[in-house]
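# Summary of the model geometry
Chain by chain, the residues:
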Amino acid sequence: MKLSYIGNISADSLPQNYTPFFAESVPVGFPSPANDYLETPIDLNQYLIKNQVATFLVKASGDSMINANIGSGAVLIVDRSIKPNHNDIVVASIDGEFLCKRLQLKPRIALIAENAKYQPIFIEQGHELEVIGVVTAAINIYK
Amino acid sequence: MDLLALVDCENFYASCERIFRPDLKKAPIVVLSNNDGCVIARSKESKDFGIQMGAPWFKVKEDFLKSGGQVFSSNFALYGDISSRVMSVLSQMSKKIEIYSIDEAFLDLENLALESHDAANDFGVYCRNIVKQWVGIPVRIGIAPTKTLTKVASYLAKQQTHHPGIFSITNNQKDIETALKRVPIHQVWGVGRRLNKKLSNSGMKNAYDLACSNIPLIRKKYSVVLERTVRELRGERCLAMDENPAPKKQIVVSRSFANKISDLNTLSPIVNDFGVRACEKLRKEGQLCSKVGVFIRTSPFRTQDRQHQTIKFYTLHQPSDDTRDILSGIRWILPKIFRHGFCYAKAGVMLSQFTDENVLQYELFEQINGARRNNQLMKTLDKINHSSTQVNFASQSKIGFTAMRRANVSPRYTTSWFELPTVN
């Protein structure tokens with residue numbers, strides 16, 4: 001028979017007349033002086049995500065943004081609640097596809113790659129560009 | 001002016017499937033029930049194409065796919081996450097929000113002091129834009145002085161072609177009257193099929209007719225519930241936030257089977273699974289049930305097969321939410337309705353005749369401590385099985401409830417590191 005650990009049952013789910021019995025002794029020594037200074041560990045969410053409900057994670061593919069330090073496989077933090085400005089890195093949909101590029105608003109609207117290999121994408125008449133959100137951070141995993 | 005808003009996500013499941021698929025912006029989309037049995041959600045394009053709600057998938061499949069339609073198995077991991085995002089955005093806009101279902105919420109707009117029709121509409125537009133931009137879901141908004149009237153407003157928002165998605169009714173008799181005259185009586189919140197027939201027979205055609213009816217007479221002839229509906233239609237607030245016309249009256253858990261079942265030993269554990277699931281739902285609602293029903297049926301679409309369908313009920317001695325009581329009911333019913341020589345395609349468990357667990361009346365000769373003896377056990381069980389089933393009843397199936405057919409399920413874009421959407 002295989003058993004797997006499924007977690008603790010909290011005390012309020014135990015029968016009312018249940019009395020815990022500890023068979024082992026508990027060492028009683030000098031309490032840790034650090035107890036008074038306990039803080040919660042650093043939380044990456046707090047650092048990377050400003051507006052949780054409007055933030056989505058996407059995975060970059062390809063090398064078109066390599067000069068902006070977005071490698072293939074990087075996880076991008078995309079905030080849909082930020083108004084996109086000129087020169088922001090954005091995730092946009094164009095002709096039914098998601099692209100991550102730098103947004104150029106002037107002199108004319110275009111999506112610019114961060115790699116000389118790729119031509120800028122100008123938004124021609126009849127094509128629809130929709131900016132989904134602004135990329136606020138990229139996470140590259142090296143190892 | 002105190003106003004409420006009803007925010008309703010448009011074609012919610014289909015809209016969720018669209019968020020990460022910009023290529024499907026204008027495509028007809030359908031979402032299928034558990035086990036890919038029938039259509040449970042449609043995008044506007046699919047509705048226009050003529051796909052009916054609840055249509056058996058295999059019947060519409062060919063025509064729908066040929067016309068460029070897209071099909072998805074239900075992806076509740078995705079819908080659940082998107083729903084909670086929508087609800088969080090809404091809760092930032094109002095001091096009080098009541099989540100009514102996965103895709104609907106009531107908002108209390110009291111603190112916004114919307115003094116005019118235009119102000120109400122402006123709020124609607126603002127709210128709609130934010131939800132669309134932040135989460136990617138289109139919503140419809142009905143604004144009105146009472147909950148029942150927000151339902152009316154939401155219905156009218158759906159009908160209109162200009163100013164799409166927003167309709168407001170202010171607390172002004174003329175305004176309310178014009179709105180109500182446009183709503184057929186069966187569209188009124190809380191008017192079900194039976195009631196609709198009765199009211200239509202007595203000459204009422206639209207919501208305005210109902211609002212004009214004599215209140216003492218309504219109470220006498222129908223119920224206090226309908227009286228509240230009438231008052232609410234007149235603009236008098238009877239239903240507070242977190243208070244709704246009728247709590248659930250029955251709980252049904254049922255499935256179509258991927259492979260037809262013709263022996264009782266295979267069927268029994270599956271029906272017991274349904275019973276366990278139904279009990280979990282019952283306890284979540286805080287209800288006790290007195291009646292357990294089991295139904296089974298063969299596939300009406302396989303006309304070459306012999307057909308059999310039936311339902312039978314078992315009445316419990318005392319209202320209960322204990323899974324063991326319900327399972328003993330199922331054990332009693334199932335052998336009585338099962339017949340050899342038939343290929344069963346669907347089965348289900350139905351719990352009904354509810355009593356609120358706080359107002360339970362004990363039987364005269366029943367021992368009170370005996371009746372609720374299992375409360376703690378069931379609570380513990382629910383806690384252990386909270387996210388996935390870990391502890392089973394012996395009569396349940398071994399493969400588990402979730403082993404179902406989901407051939408077209410989309411990635412869990414927002415809840416799994418391994419299924420994130422990609423961008424180029």
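From a predicted model like this one, the values you see are computed outputs, not experimental measurements. (Residues numbered from 1 in each chain as written. Chains lettered and ligands numbered in written order. Predicted model: local features only at pLDDT ≥ 70, side-chain atom pairs only at ≥ 80, totals over all residues.)

## Some words on the pairing of strand β7 (residues 139–144) of chain B
Remember that side chains alternate between the two faces of the sheet whenever the strand is regular. Residue and element names in this part refer to chain B. Buried residues dominate β7, accounting for six of its six residues. Neither face of β7 is exposed, since Val139, Ile141 and Ile143 on one face and Arg140, Gly142 and Ala144 on the opposite face are all buried. Sheet topology places strand β1 (residues 4–9) next to β7; six bridges connect them, and they run antiparallel. Bridged to leucine 6 within β7 is glycine 142. In this structure, β7 lies alongside strand β8 (residues 166–168), joined through three bridges in parallel fashion. Residue isoleucine 143 lies in a different strand from β8, and its bridge partner there is serine 168. (Buried ≥ 20, exposed ≤ 12 C-beta atoms within 10 Å, placed from the backbone. Helix = DSSP H or I, 4+ residues; strand = E, 2+ residues; numbered from the N terminus. Pairing = 2+ DSSP bridges.)

## Let's talk about the interface of chain B and chain A
Each partner contributes residues to the interface: chain B has 21 residues there, and chain A has 24 residues. At the level of secondary structure, the elements contributing two or more residues to the side of chain B that touches chain A comprise α4 (76–91), α5 (117–134), α15 (375–384) and β13 (422–423) of chain B. Examining the composition of the side of chain B that touches chain A, we find that five residues originate from one element, α15 of chain B, more than from any other. Considering only residue class, the side of chain B that touches chain A consists of eight nonpolar, eight polar and five charged. Across two bridges, the pairing between strand β1 (residues 55–60) of chain A and β13 of chain B is parallel. (Contact = placed C-beta atoms within 7 Å. Nonpolar A, V, L, I, M, F, W, Y, C, P; charged D, E, K, R; others polar.)

## Considering the domain arrangement of chain B
Residues and elements named next belong to chain B. According to the domain assignment, chain B contains domain 1 (1–171 + 403–424), domain 2 (172–246) and domain 3 (251–384). The set of elements that each furnish at least two residues to the side of domain 1 that touches domain 2 consists of β5 (96–101), β6 (104–108) and α6 (147–159). Considering each element in turn, the side of domain 1 that touches domain 2 owes the most residues, eight residues, to α6. Considering only residue class, the side of domain 1 that touches domain 2 consists of eight nonpolar, four polar and five charged. (Domains from an automatic or database assignment.)

## Section: the sheet that holds β5 of chain B
All names here are of chain B. Strand order across the open sheet formed by five strands is β5-β6-β1-β7-β8, with mixed pairing between neighbours. Looking at strand neighbours, the two that pair on one side only are β5 and β8, the edges of this open sheet. When strand polarity is set aside, the average angle formed by the axes of neighbouring strands in this sheet is 15 degrees. Across the sheet, α5 is in contact with β1, β7 and β8; its angle to β8 comes to roughly 150 degrees. (Axes fitted to C-alpha atoms, helices over the stretch in contact; angles between N-to-C directions.)

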